[in-house]
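# Topology and contacts: notes
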Amino acid sequence: MSPISIGCIGILVLIIAIFLRMPIGMAMLAVGAAGFAAISGVDAALGLLRGVPYETFANPTYAVVCLFLLMGNFAFKSGISNELFACVNTWLGRLRGGLAIATVAACGGFAAICGSSVACAVTMGVVAFPEMRKFNYANTLATGCIAAGGTLGILIPPSTVMVLYGIITGQSIGDMFMAGFIPGLIQIALYMAVVRFWVKRRPADGPAGQSAPLKDKLRSLTRVWSIVLLFSVVIGGLYLGVFSPNEAAGVGAFGALLIGLGRCKNRFAFLRDSLEDSVKTSGMCFMIVLGAMIFGYFLTVSRIPSELSSVIAGVVESPMLVLCGVLLVMIILGCFMDSMAIVLLTVPIFFPLIEAYHINPIWFGILVVRVTEIGLITPPVGLNLFVIKGVANVPMSSVFRGVMPFLAADVIHVAILMAFPILSLWLPGLAGN
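Residues numbered from 1 in each chain as written. Predicted model: local features only at pLDDT ≥ 70, side-chain atom pairs only at ≥ 80, totals over all residues. Heavy atoms only, no water.

Time to look at the overall build of the chain. Across its full length, the chain holds 21 helices and zero strands. Taken across its 433 residues, the chain has 52% of its residues classed as buried. In the chain, 80% of the contacts between residues at least 6 apart in sequence involve partners at least 24 apart. Entry remark: accessible area of the chain is about 18100 Å², with carbon and sulfur atoms responsible for 68%. Positive and negative side-chain charges in the chain, numbering 24 and 17 respectively, have mean positions lying 17 Å apart. (Helix = DSSP H or I, 4+ residues; strand = E, 2+ residues; numbered from the N terminus. Buried < 20%, exposed > 50% of the residue type's maximum accessible area, 1.4 Å probe, protein only. Contact = heavy atoms within 4.5 Å. Areas by Shrake-Rupley, 256 points an atom, 1.4 Å probe, with all protein chains shown as cover. Lys, Arg positive; Asp, Glu negative; His and termini not counted. Charge placed at Lys NZ, Arg CZ, Asp CG, Glu CD.)

For Ser5, the position within the fold is in helix H1 (residues 3-19). Take Ser5: its relative accessible area is 33%, and that puts it in the partly exposed class. In this structure the C-alpha to C-alpha distance between Ser5 and Met330, which are 325 residues apart in sequence, comes to 23 Å.

What follows concerns unusual backbone geometry. The amide bond that connects Pro157 to the next residue, Pro158, takes the cis arrangement and shows omega of 0°. The residue Pro158 is located in the loop between helix H8 (139-150) and helix H9 (160-169) in this model. Positioned with a positive phi, His358 is a non-glycine residue whose angle comes to about 55°. You can see His358 is positioned in the loop between helix H17 (339-356) and helix H18 (361-376). Owing to a relative accessible area of 72%, His358 belongs among the exposed residues under this scheme.

A few words now on empty space enclosed by the protein. For the coordinates displayed, the defined rule picks out one cavity of 30 Å³ or more. In this structure, the largest cavity encloses a volume near 30 Å³. For the largest cavity, the full set of lining residues is Phe74, Ala75, Ser78, Ile80, Ile113, Ile227, Leu230, Ala256, Ile259 and Gly260. Every element with two or more residues in the lining of the largest cavity is listed here: helix H4 (63-78), helix H12 (225-239) and helix H13 (245-263). Residues of the lining of the largest cavity, tallied by class, amount to eight nonpolar, two polar and no charged. (1 Å grid on protein atoms, 1.4 Å probe; cavity = no way out; pocket = protein on both sides within 12 Å on 5 of 7 lines; lining within 4 Å. Points joined across faces, edges and corners; volume = space filled by probe spheres on them. Nonpolar A, V, L, I, M, F, W, Y, C, P; charged D, E, K, R; others polar.)

Before going further, it helps to spend a moment on a nonpolar patch on the surface. A surface patch of nonpolar side chains, amounting to about 370 Å² of accessible area, comprises Trp91, Leu214, Leu218 and Leu221. A total of three residues in the nonpolar patch trace back to one element, the largest contributor, which is helix H11 (residues 214-221). Mapped onto the elements, Leu218 comes out in helix H11. (Patch = residues over 30% accessible without salt bridge, like charges linked within 9 Å, V, L, I, M, F, W, Y side chains within 5 Å. Salt bridge = Lys/Arg side-chain N within 4 Å of Asp/Glu carboxyl O.)

Right, let's get into the nonpolar core. In this structure, Met132, Leu323, Met330 and Phe364 are the most contacted members of the largest nonpolar core, which totals 141 residues. Here this core takes 14 residues from helix H10 (residues 173-201), the largest share from any one element. Apart from the residues within four sequence positions on either side, Phe364 is in contact with Tyr165, Leu323, Val326, Met330, Phe351, Ile354 and Ile359. Core analysis: the next-biggest nonpolar cluster, separate from the first, contains eight residues, Ala33, Ala45, Leu48 and Ile294 among them. (Core = buried A, V, L, I, M, F, W, Y, C linked by side-chain atoms within 4.5 Å.)

What follows is about the environment of Ser232. Secondary-structure assignment places Ser232 in helix H12. On the basis of relative accessibility, which here comes to 41%, the residue Ser232 falls in the partly exposed class. Expressed as a C-alpha distance, the spacing of Ser232 and Gly252, which sit 20 residues apart in the sequence, is 9.9 Å.

Now for the packing of aromatic side chains. Summed over the entire model, instances satisfying the criterion amount to 11 aromatic pairs. Seen from their ring centres, Phe181 and Phe231 are 6.3 Å apart, and the 20° between their planes marks the pair as stacked. Taken together, the positions of Phe181 in helix H10 and Phe231 in helix H12 put the pair 50 residues apart, joining distant regions of the chain. Classification of Phe181 by relative accessible area gives partly exposed; the value is 29%. For Phe231, a relative accessible area of 18% translates into the label buried. Pairing Trp198 with Phe406 gives two aromatic rings, centres 6.5 Å apart and planes at 40°, and the pair type is tilted. Of this pair, Trp198 sits in helix H10 while Phe406 sits in helix H20 (residues 396-419), and the two are 208 residues apart along the sequence. Through a chain of ring-to-ring contacts, the aromatic side chains of Phe57, Tyr62 and Phe286 assemble into a single cluster. (Phe/Tyr/Trp six-rings, centres within 6.5 Å; stacked < 30°, edge-to-face > 60°.)

This brings us to the pattern of salt bridges. All told, the structure shown has eight salt bridges when counted by the stated rule. For Arg272, the salt bridge goes to Asp273, with nearest N and O atoms at 3.1 Å. In this structure, Glu276 and Lys280 form a salt bridge, with 3.2 Å as the shortest nitrogen-oxygen distance. Taken together, the residues Glu276 and Lys280, both in helix H14 (residues 267-302) and four residues apart, mark about one turn of the helix. For Glu276, a relative accessible area of 38% corresponds to the partly exposed category. Note on Lys280: relative accessible area 55%, which makes it exposed.

In the contact formed by H10 and H18, the axes pass within 10 Å of each other and the chain directions differ by 40°. When the axis of H10 is compared with that of H18, the two are oblique. Pair H10 / H18 crosses with right-handed handedness. Between H10 and H18, the residues in contact are Asp175, Met176, Ala179, Gly180, Pro183, Gln187 and Tyr191 and Ile362, Gly365, Ile366, Arg370 and Glu373, respectively. Here the contact of H10 with H18 is composed, by residue class, of six nonpolar, three polar and three charged. (Axes fitted to C-alpha atoms, helices over the stretch in contact; angles between N-to-C directions. Parallel < 35°, antiparallel > 145°, perpendicular 65-115°, else oblique. Left-handed = near helix turned anticlockwise from the far one by under 90°.)

In this section: the packing of H9 against H18. The geometry of H9 relative to H18 is characterised by a closest axis approach of 11 Å and an angle of 140° between their N-to-C directions. With respect to H18, the element H9 is oriented oblique. Judged by the sense of rotation from one axis to the other, the crossing of H9 with H18 is right-handed. On the side of H9, the interface is formed by Val161, Met162 and Tyr165, while H18 contributes Pro361, Phe364, Gly365, Ile366 and Val369. Of the residues belonging to the contact of H9 with H18, the class tally is seven nonpolar, one polar and no charged.

Structure follows, in structure tokens:
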């Protein structure tokens, strides 16, 4: 049997294993090792299993993943999301649909120090949904804006998905962070526009709240200064070249720790829970990374990426058509898989094709992150939808209906980013200069 045939069988077996609910990291590791053994021999596969784990995780570059996860957990456990939402609501709550707009804005702010879509959705679901229910917001609008707002967690820097994309493609993590900033702001603006359009057509779905006096608005800003400072130091330090990615993540984690210690009464529980969750999440991430590395070696010896690039390059002349096809595959996978797993599984396959068509890898990385976000809120199995359903305890049909207008905004957003690459590349270009 040819290496390409073995590679195709391996990919099919991996897909079946994922649908059978086998952990994605273990599935990629098992299929990758078995496929490598079938092509290169058992001894070579055993050598791969002996060497790759150490070579991968002895690399200090991966410390940035742990540190940003630690930063996000410190921020999550310290409860700053409540104050973020309260601050934005003080300024915007008087508008019709103001609570939903405030939720989107708070999601954007929390995403800037969290980096996880699911954590962002859970947190804002707990904080914002009871408030919207108290003011008689429609379940569809309330759940839709929270589920969609949660996807901001992996586009607005810092983002662990961007970190891993940068590592496996050899791109600058700082450039990836800078590239995500403007697209993230555009996404927030589009979601807010969806809310305003919604309540203009159906005013009863998002009643206006009470207006707060100016002194209360100004006082609310004093509660979020630490969050703004932390984000500014981490991203500003990266942008100005003061910190390396590892150093920025370390400073961010330490800053989030100080904020949490200053806010939490039970400091022991805060430390214990933050460290425990960080260790569990880091272990899961590294298992996925290891599985993806082994599976990547298997794909390399099977020659599927190079043959795929050659075949498509001989048939399709338009880089944009190739890019659309790759992104469509990722959107479909996003309905069933975690964003990190999608990036680690598909980028090694498609990146040689992207290079062959001379597509900018930073721009492609932002598009990859963006479309995997869409999968998180795409019915019938978008992960964020089930998270919000569990938090809000509403019918799944309400969550599905509520998220559809935001999905339309996502399609518009991707089209804008594809039509105007400068939106993703302008800030990294400034940093390069």
